[in-house]
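Report on the structure
These are the residues of each chain, in order.
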Amino acid sequence: MDTDRRRPLKDILQIVVVQPGDPAEVIHDAVGYPICWDQAEQPGWEWFNDHGSWFELAYVLTDDFGMLVFVPDHPETNDTLRFNCLGVADRPPAADKT
């Protein structure tokens, strides 16, 4: 990000918040390309963070513009998108939780 803040944040970062129940088409329109399919044609995320109830996907789209996509870990979130996030998340198996 532009740490010296010479430019407005909107000029360097897009933030997309996926809501439970959002259909793939709505998510794809907000992001600008498909991210909810098994073989989605997309730039790979630069980094991924698991925040427990939310996943954060960071995309670097150009040298000076990026996008953060926040995906809820919720049963009504798009199945494929949530499945892909859970597949990358480094969580202990449910039986190992104490």
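Each value, and the rule that gives it
- Residues numbered from 1 in each chain as written.
- Predicted model: local features only at pLDDT ≥ 70, side-chain atom pairs only at ≥ 80, totals over all residues.
- Heavy atoms only, no water.
- Pairing = 2+ DSSP bridges.
- Helix = DSSP H or I, 4+ residues; strand = E, 2+ residues; numbered from the N terminus.
- Axes fitted to C-alpha atoms, helices over the stretch in contact; angles between N-to-C directions.
- Contact = heavy atoms within 4.5 Å.
- Phe/Tyr/Trp six-rings, centres within 6.5 Å; stacked < 30°, edge-to-face > 60°.
- Buried < 20%, exposed > 50% of the residue type's maximum accessible area, 1.4 Å probe, protein only.

Quick look at the sheet that holds strand 1 (residues 13-17) now. Strand pairs in the sheet, formed through backbone hydrogen bonds, run parallel or antiparallel to each other. Read across the open sheet, the 4 strands follow the order 1-4-3-2; overall the sheet is mixed. Two strands in the sheet have a free side with no partner beyond their single neighbour: strand 1 and strand 2 (47-50). Across the sheet, the axes of successive neighbouring strands diverge by a mean angle of 15°, strand direction being ignored. In this sheet, strand 3 (residues 54-62) lies alongside strand 2 in antiparallel orientation, the contact comprising 4 bridges. Paired with Trp-47 across the strands is Ala-58, a residue of strand 3. The strands that helix 2 (residues 79-88) touches are strand 2, strand 3 and strand 4 (65-72); relative to strand 3, the one it contacts most, it runs at about 95°.

Applying the stated criterion across every chain, the model contains 3 aromatic pairs. Residues Tyr-33 and Tyr-59 carry aromatic rings whose centres are separated by 5.9 Å and whose planes lie at 75° to one another, so their mutual orientation is edge-to-face. Here Tyr-33, found in the loop between helix 1 (24-31) and strand 2, pairs with Tyr-59, found in strand 3; they are 26 residues apart in sequence, far enough to count as distant. Take Tyr-33: its relative accessible area is 15%, and that puts it in the buried class. Overall, the relative accessible area of 3% leaves Tyr-59 in the buried class. An aromatic cluster is present here, built from Trp-45, Phe-48 and Phe-55 joined pairwise through their rings.

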